[in-house]
Amino acid sequence: MSSISTGFSVETLELLVFSSCSVRSTMEHAQEHEACLEQTQRYCVERPIYNQELLQGQLHRRERTPQTLRQRIAHSCRCSSKKAKSHLYGFLPILKWLPRYPVRAYLLGDIISGISTGVMQLPQGLAYALLAAVPPVFGLYSSFYPVFLYTFFGTSKHISIGTFAVISMMVGGVVVRQVPDEMISVGYNSTNITDSPEYTKRVQVAVTLAFLSGIIQLCLGLLRFGFVAIYLTEPLVRGFTTAAAVHVFTSQLKYLLGIKTNRYSGPLSVVYSIAAVLSKITTTNIAALIVGLTCIVLLLIGKEINFRFKKKLPVPIPMEIIVVLIGTGVSAGMNLNESYRVDIVGNIPQGLRAPAVPDIQLIPAIFVDAIAIAIVGFSMAVSMAKIFALKHGYTIDGNQELIALGICNSVGSFFQSFSITCSMSRSLVQESTGGKTQTVLAAIVMVNLKGMFKQFGDVAHFWRTSKIELAIWVVAFVASLFLGLDYGLLTAVAFAMITVIYRTQSPQYRILGWIPDTDIYCDVEEYEEVKEYPGIKIFQANASLYFANSESYTSALKKKTGVDPCAILAARRKAQKRHAREIKAADELRKKAVLKLVNSSSNDMEASVKHEIANEELPVNGKFADASAQDVSPEEHEHFVEPKTNIHSLILDFTPVNFVDSVGVKTLKSIIKEYKEVDVSVCIASCSDPVTKELTRLNFFDNATTRELLFHSVHDAALACQAKHRAASWNDFDL
């Protein structure tokens, strides 16, 4: 029991627990006791009815002295040893985890994991370089430098950084747009002339794109913009990557079939690529097709074995490198290039290249593409990192991941690596293990798309769970498939934002009622036990109130409550006009009767009788003609003429409301004013402190609209409305 000094009643909290369970054994007694507690727990609270003004009068806010801009800048620039150490550890996470590295527990597993992942990295690097439209050796560069840099700056323990099909495909689209196949003097599908001027130009485009996307990621990370990934929802990413898988698959068809065609990029590139392959299908190289299909079968068998026996195998079978070795041996032994005209990668230069500065002059032409690649690359990496972090019980820093990827791309570009991100397949291998013809490379790319093609099953899943998320998936897939990956991504993000507006613009509206003998309020249309208070309507919308849904909020309020103030006022005005016309007609009849009396030649007695009839037998709206407009009291007029509603109170439940804007405030004030004109009082319940502050800032409260109409809960508002109506009824009765 605690007494409040303001003179209001005492607030009491009582917990009544009753237990009458039979005792058999200790376990049975505990189970029955718990079941009894669930059935008999009660609470009873006795307190005043709180509106916002009353509650705030009894609470004492903590005193907070707001800091000036100068103080905030001085505080942020203040440096201490602890703060410097924290920033250093945040920028270089390796300084924090390396001294604590448990060598005996982790070293062997990490070595096995590193070897397994590295064995996958090599053939995938060669294969994904084809997607990026650069010689295969640059895929190896992209598989080395970024991995080394991420070790120092990354926060995830399990993702594998390097080449990835989607990013490589996006890079390839930009490269081919800037340096089309028509500018390549050698055979269309040859990639063995690494130092040719044409391929040097393509490499410059890919390297500059990596540099620019890395700078964008680095800037976003330093500006703490790691939250941008939230706009790439899971349905959007999955639809986008599925479309990218189709792009990748169609781009590899010509290598699988041994057909020489141009490479297309931009809108409808998939259609053009398929049409080009079909137009030359008769020139298919049977030897290349047999080699490719054989490699695909071997890779699928290897993946199935790794999946089925992953718990028994100490390390996954490295089928990619095995297939590359077998393909290289068969190509050399059978001389596939000269005997069967099967295109080969050719000699791969040994060693590493000297650093070189990217071509800065290309930046204006590829800036928009770099933004898309930067955001998609970060989204892929951070989504996989979060999955593994949640599974293994550690946290990652999204902003630091942006910085790490930015450094990997920007610094790696000086060593001729193209844009990289997290690889899903290699990351899964790395996590699960504890830690050379063109046809063969095309087969590796195609088989690694298996997981992405399985995402077509998302259509059935989202159809059952959420039609809006299904729409996002379909739009992301279709737009990315036909408009290209860059424009498709922008279209998908824009559509996802539109769905957010749609959800808030068209929320669900409900009328709430109470469960008898409780303070619980539910939808009256959902449950039979829920009852409405007589004369009180409780209205709830599961969205915030702002410019996009303010009109629908007002319309739904009138429809759900059955009270339209505008219609009632219009009916009243119409009734008043009709009543005025009736009075006017009665006055005219009276004047005619008097005129007839004056002109009559009858005797005085007969005139007197006519005069009496004229004055007393002309009824108007239930009254006689002598009851003029001035003779009818306002109460009688309202009772007999004006339409009335049986609702006296309206409660707006603001529990789901997160924010209001100026349009929402104007809508609220208009609702309060309109319903007041038809004698319906409006109050607001469960309004959070941030929303209350917004209402104050937007000048919602004034002399007519005070804080007394805000209530702490729906139950407080309902009890207050009942008490107010009873008091008004007693006053009317006394009068």
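Now for a quick tour of the structure. Everything numeric here is computed off the predicted structure, so don't read it as measured data.

### A closer look at the sheet that holds strand β10 (residues 649–653)
Backbone-to-backbone hydrogen bonds pair the strands of a sheet. The strands run either parallel or antiparallel. Read across the open sheet, the six strands follow the order β6-β5-β7-β10-β11-β12; overall the sheet is mixed. Looking at the sheet topology across the chains shown, the edges are occupied by β6 (521–523) and β12 (710–711). Bridge count between strand β5 (residues 509–514) and β6: three bridges; the pairing is antiparallel. Within the sheet, the bridge partner assigned to Trp 514 lies in β6 and is Tyr 521. Running over the sheet, helix α28 (residues 662–677) touches β10 and β11 (681–685) and is turned about 145 degrees from β11.

### Remarks on the packing of aromatic side chains
Evaluation of the coordinates by the stated rule reveals 21 aromatic pairs. Relative to Tyr 533, the ring of Tyr 521 has its centre 6.3 Å away and its plane inclined at 45 degrees; by these criteria the two rings are tilted. With Tyr 521 in strand β6 and Tyr 533 in the loop between β6 and β7 (536–541), this pair connects stretches of sequence that are 12 residues apart. Note on accessibility: Tyr 521 and Tyr 533 belong to one class, buried. Between the aromatic rings of Phe 700 and Phe 701, the centroid separation amounts to 5.1 Å while the plane-to-plane angle is 75 degrees, which identifies the pairing as edge-to-face. Taking relative accessible area as the criterion, Phe 701 reaches 19% and is therefore assigned buried. Joined through ring pairs, the aromatic side chains of Phe 249, Phe 453, Phe 456, Trp 473 and Phe 477 make up one cluster.

### Comments concerning a positive patch on the surface
The grouping of Arg 573, Lys 574, Lys 577, Arg 578 and Arg 581 at the surface amounts to a positive patch. Its place among the elements puts Arg 581 in helix α25 (residues 565–599). On the basis of relative accessible area, Arg 581 is assigned to the exposed category, the value being 54%.

### Structural notes on the pairing of β10
Burial of β10 is extensive: five of the five residues sit out of reach of the surface. The side-chain alternation of β10 yields two buried faces, one formed by Ser 649, Ile 651 and Asp 653 and the other by Leu 650 and Leu 652. Examined bridge by bridge, β7 and β10 share five bridges and lie parallel to one another. When the sheet's bridge partners are listed, Ile 536 is paired in β10 with Ser 649. In this view, the connection linking β10 to its parallel neighbour β11 by way of α28 has right-handed handedness.

### Details of unusual backbone geometry
Phi is positive for Arg 224, which is not a glycine, with a value near 60 degrees. With a phi angle near 60 degrees, Asn 699 is a residue other than glycine that sits in the positive phi range. As for its placement among the helices and strands, Asn 699 is situated in the loop between α29 (689–697) and β12.

Basis of the calculations
Numbers given to residues run from 1 along each chain, matching the order in which its sequence is written. Totals for whole chains, interfaces and linings use all residues, but because this is a predicted model, local features are given only for residues with pLDDT of at least 70 and pairs of side-chain atoms are given and counted only at 80 or more. To obtain the side-chain values, all non-hydrogen atoms of the structure were used and water was disregarded. Pairing between strands is defined by DSSP: at least two bridges between them are needed. Secondary structure counts use DSSP, requiring at least four H or I residues in a row for a helix and at least two E residues in a row for a strand, with both numbered from the N terminus. In this analysis, two residues are considered to be in contact whenever any of their non-hydrogen atoms come within 4.5 Å of each other. To obtain an axis, a line is fitted to C-alpha atoms, over the contacting stretch when the element is a helix, and the angle between two such axes runs from 0 to 180 degrees between their N-to-C directions. Stacked, tilted and edge-to-face pairs are distinguished by plane angle, under 30 degrees for stacked and over 60 for edge-to-face with tilted covering the rest, among Phe, Tyr and Trp rings (Trp via its six-membered ring) whose centres lie within 6.5 Å. Here's how the labels work: a residue is buried when its accessible area is under 20% of the maximum for its type, exposed when over 50%, partly exposed in between, all with a 1.4 Å probe on protein chains only. Patch definition: residues with relative accessible area over 30% and no salt bridge; like charges joined within 9 Å; nonpolar side chains (Val, Leu, Ile, Met, Phe, Trp, Tyr) joined within 5 Å. Note on areas: Shrake-Rupley, 1.4 Å probe, and residue coverage restricted to the protein chains presented here. What counts as a salt bridge is simple: a side-chain nitrogen of Lys or Arg found within 4 Å of a carboxyl oxygen of Asp or Glu. Only four residue types enter the tally: Lys and Arg on the positive side, Asp and Glu on the negative side, with His and both chain ends excluded. Note that the charge is assigned to NZ on lysines, CZ on arginines, CG on aspartates and CD on glutamates. Looking down the strands as they point away from you, a crossover is right-handed if its path from the first strand over the helix to the second goes clockwise.

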